Amino acid sequence: MIRRELVFEIGRTLIAIMLALLLGFIIILLVSEEPLEAFQHFVLGPLTTTRRIGNWIEATIPLVLTGLAVSIAFQAGQFNIGAEGQLFFGAVTATIVGISFPLPMYVHVLVALLGAMLGGALVGAISGLMKARWGASELVSSLMLNYVFYRFGLYLINHHFRDPNAGAMVSYRLPETVWLQWIWPPTRVHWGLWVAIVAIIFSYLFIYRTRWGYALRMTGLNKDFAAYAGISVTAVVIYSQVISGAIAGLAGAADVLGLYRRFQWQMLPGYGFDGIIIATLARNHPLGVPIAALFLAYIRSGASIMSRMTDVSSEMVAIIQGIMILLVTAQAFLSKWHHRAVVKEAKRHGLNA
Amino acid sequence: METLLEMKAITKVYPNGVMANDRVDFRVNKGEIHALVGENGAGKTTLMKVLFGLEVPDGGEVYYKGKPLQVTSPLQAIRNGIGMVHQHFMLAPSLTVTENLVLGVEPRKGLAFDWDQAVQTVTDLSKRYNLPVDPLAKIEDIPIGMRQKVEILKALLRGAELLVLDEPTAVLTPQETEELFTALVGLKEQGHTMIFISHKLNEVKQITDRITVMRGGRIVGVRDTAEVSEADISRLMVGRDVILKIDKPPAKPQKRILEVQNLSYFTPEGKALLQDVSFSVRAGEIVGIAGVEGNGQRELVEILTGLRRPHGGLISVDGYQMSGSTPRQMRDLGVAHIPEDRMLHGVANEASIEENLIADRVQMPEYTRKVFLKTEAIASNAQTLVTEFNVRTRSPKTPIKMLSGGNIQKVVVAREFSSNPRLVIANQPTRGVDVGAIEFIHKKLVEICRAGAAVLLISADLNEVMSVSDRLLVIYGGQIVAAFPEANEVSEEELGLYMLGIQTQGDTQLKEALA
């Protein structure tokens, strides 16, 4: 019975993806002069060269981290649309640690990652505390804090850590001691991959194998029940946001320490909102997150290649994303078909299973 | 006898795979009161929802007045003359009786609402069917019994010939029940047909003409009421003999476990929901609190279990001052709580049975190491409890949402009783569960009490509160208005008078009984 539900959910997600892709292709057919070539670049493009495979993996790393961050908050029944601000601020704190606290190799990276987690956790904690103490909706507060910490982070970088000799608004270059080293030349795939894998394992174990994770899930499923059973819902609200923020912070650090080696964002990168898409596709399960992140990074990467090589623009992919999310979140999608299967099984097993 | 309604081979499967109706054939004659009885999860409500257009069946046909009937919405059912009185009233509390009744079928004067005509219609209707209501009163100001009459009138005003009454007496006092029955008989004499859904077999016996019994989604018997006894019906329902009487060794009260002194609680507007409530419960005794719902029971229980803070008064458990404690602190002191609403407080519906059974104890060294949970211990805890409490499921890993109401309640009871409590607070512990589960839960309550726990039983079901309790208190308007040292020496009628606030015991008498 439980297994059948799982199979159904996976099947439903796959069908939603197929339909979305199909629609994408129809649109390409309509708008493009060279549809077949466009298809080919979109579907196979990311796998054609080592560098492109590298790009795909690089793009996956921060998406895995924000996907996990949002999943943890969602499992606690909390929203976190503040992953954006959390990762931005995490990137800022990692940069500050990188520039201001010279430390030996390895130690420096670890301290910078820790700094990023603290930065993200701080932002998450504000939402959590405001919810727990004053009942302020974390939906609103985390969204608003995105802009607060975006501006605050920019202020810190542009006024205190800006490299005046660089041609753009960027920070000083980070010392090599704080880099996440590249592990697969000639691509820029970096140690952040290990960070992401550790975060997946941590999230899974935390949510399903510890009592705090248990309390978090019960609170998410029914907070009145959790309170009744003696679980401190207030504590769960706060620590779920803190952990979520910490993991989001790592996402920012991964890009800065692993790819750019200096802080160069002047806009919010958007990974936080991508995290919501990934968490939704993964049904908030930490082991589903890497699959969803790989998938999203793949179609993005494919779309970008397609737009470079052909006359179809990469915004195509936003349409596909949108349709996918709509179908996945629509409870009724394929429910008739599911219901028929249930009826059949119930008849086979007799009554009142 | 002319057949009014015939449902043929109705089959309904819910998305969770439960086959709620399995080729059900159900027939109702014109002008009869027809009882539909069965345990929880037997499929009565589902069958009625199909009739009323609230559920689409997966198979079967409905014939009404000899013609095939396709109902896909309640509106259509009403147009065909089928009315339903729900267990939970569907009324707008801030509107008047008249406004509630004519909602959607308002008489008009030109474009305007004709208020006088509406009041007149309601008054006439109320007279014609002998269901007295005050047309000008607001719903929120009138008693439950009258609200129910408004519900019935609402259906009649829309031309209902067939009335479905879903557990109409569950919320009524004995006096109100009698009144309702008189009105129902009156309706029958005027040619109306009624389907009466109930768990209370004595009422079924008293008021109905024929009985259809359901079990496990099927019809297991159709009988003339006059030809069967209550025991016969319950045997059909459960599939075995049920002991309706509770076997209870005499109480041996020991030291006071729960002491409540001058407890008060107010709404934000300053209305007192609990006023100077004082009583105590000793180890080894069951103290029952009887009362019509909404007289402060919920607030009292939530305060005693730490879910709500009182505004005045003292609570002590086993000698410890506990006023304003958290649920965690109460549980650590050995207070178990069977909540009134099991779906709201008692379980996490999406979580497994196993996960629900450790909610209160997950932090204990038996179930967790410093960081990681002990999964084997958690699984064996579930396995033991599922067996001991006879929870019917294929596996303890099954989500709660796959279980029937009675089995969900058994999960709640299993968790609360296995925490080795010294005080059990049971609020409506058998609400909406079947006869078999009721018997089981009552037995367990007595067992745990005689083993040395103090039990506080809050129930709106008079039968339950009188037969299970040793001592009995009555709550009305947030105050304890009567106390009886021997629960089985009180009559239902006498209790009813106190529950309705018609009578109160004097201070001296109360003090004596509570001492």
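Summarised in this report is the structure supplied together with it.

## Quick notes on the packing of helix α4 (residues 83-100) of chain A against helix α5 (residues 107-134) of chain A
Think of two packed helices as two axes; the pair is described by the angle between the axes and how far apart they sit. All names here are of chain A. Between α4 and α5, the least distance of the axes is 7 Å, while the angle of their chain directions is 145°. Here α4 and α5 pass one another in a crossing that is right-handed. Between α4 and α5, the contacting residues are Q86, F89, G90, T93, A94, V97 and G98 on the first element and H108, V111, A112, G115, A116, G119, G120, L122, V123 and G124 on the second. Partitioned by chemical class, the residues of the contact of α4 with α5 number 8 nonpolar, 9 polar and no charged.

## Quick look at a nonpolar patch on the surface
Together, A:I15, A:L19, A:L22, A:L23, A:I26, A:L29, A:L30 and A:V31 line one region of the surface with nonpolar side chains, adding up to about 730 Å² of accessible area. On the secondary structure map, A:V31 appears in helix α1 (residues 2-31).

## A few points about the interface of chain B and chain A
Frequently, the measure chosen for interface size is the accessible area that the parts lose on association. Listed by partner, the interface residues are 49 residues for chain B and 29 residues for chain A. Both faces combined, the contact of chain B with chain A buries some 3300 Å², and carbon together with sulfur accounts for 62% of it. Per-residue buried area on chain B facing chain A is highest for B:M19, B:L373 and B:R394; these three make up 17% of the total on that side. Between the two partners, chain B and chain A, sit 1 salt bridge. For B:E355, the salt bridge identified is with A:R217, shortest N-O distance 2.6 Å. Linking chain B with chain A are 12 residue pairs in polar contact (both at pLDDT 80 or more).

## Some points on the packing of aromatic side chains
One pass over the structure, following the stated rule, counts 23 aromatic pairs over all chains. Relative to A:Y239, the ring of A:F206 has its centre 6.4 Å away and its plane inclined at 80°; by these criteria the two rings are edge-to-face. A residue pair is termed long-range when its members are at least 10 positions apart, and A:F206 in helix α7 (residues 192-209) and A:Y239 in helix α10 (residues 233-260) qualify at 33 residues. The interplanar angle of 75° and the centroid separation of 6.2 Å between the aromatic rings of B:F113 and B:W115 together place this pair among those described as edge-to-face. An aromatic cluster of at least three residues, connected via ring pairs, comprises A:F88, A:Y150, A:Y260, A:F263, A:W265 and A:Y271. Across from the ring centre of A:W179, 4.2 Å away, lies the NZ or CZ of A:R261, which sits over that ring. The ring of B:F389 carries B:K444 above its face, with NZ or CZ at 4.7 Å from the centroid.

## Observations concerning the sheet that holds strand β1 (residues 3-13) of chain B
Pairing between sheet strands relies on hydrogen bonds along the backbone, with the strands arranged either parallel or antiparallel. Residues and elements named next belong to chain B. One open sheet holds the 4 strands; their spatial order is β2-β1-β4-β5, and the pairing between them is antiparallel. Looking along the sheet, the strands with just one partner apiece sit at the ends: β2 (19-29) and β5 (67-68). Taken together, the 5 bridges between β1 and strand β4 (residues 59-64) define a ladder with antiparallel strand orientation. Paired with M7 across the two strands is V62, which belongs to β4. Here helix α1 (residues 44-51) sits on the sheet in contact with β1, β2 and β4, set at roughly 115° to β1.

Cut-off values and rules
Residues numbered from 1 in each chain as written. Chains lettered and ligands numbered in written order. Predicted model: local features only at pLDDT ≥ 70, side-chain atom pairs only at ≥ 80, totals over all residues. Heavy atoms only, no water. Axes fitted to C-alpha atoms, helices over the stretch in contact; angles between N-to-C directions. Helix = DSSP H or I, 4+ residues; strand = E, 2+ residues; numbered from the N terminus. Left-handed = near helix turned anticlockwise from the far one by under 90°. Contact = heavy atoms within 4.5 Å. Nonpolar A, V, L, I, M, F, W, Y, C, P; charged D, E, K, R; others polar. Patch = residues over 30% accessible without salt bridge, like charges linked within 9 Å, V, L, I, M, F, W, Y side chains within 5 Å. Areas by Shrake-Rupley, 256 points an atom, 1.4 Å probe, with all protein chains shown as cover. Salt bridge = Lys/Arg side-chain N within 4 Å of Asp/Glu carboxyl O. Buried area = accessible area lost by both parts, 1.4 Å probe. Polar contact = N/O pair within 3.5 Å; in protein donor to acceptor, adjacent residues only side chain to side chain. Phe/Tyr/Trp six-rings, centres within 6.5 Å; stacked < 30°, edge-to-face > 60°. Lys NZ or Arg CZ within 6 Å of the ring centre and 35° of its normal. Pairing = 2+ DSSP bridges.

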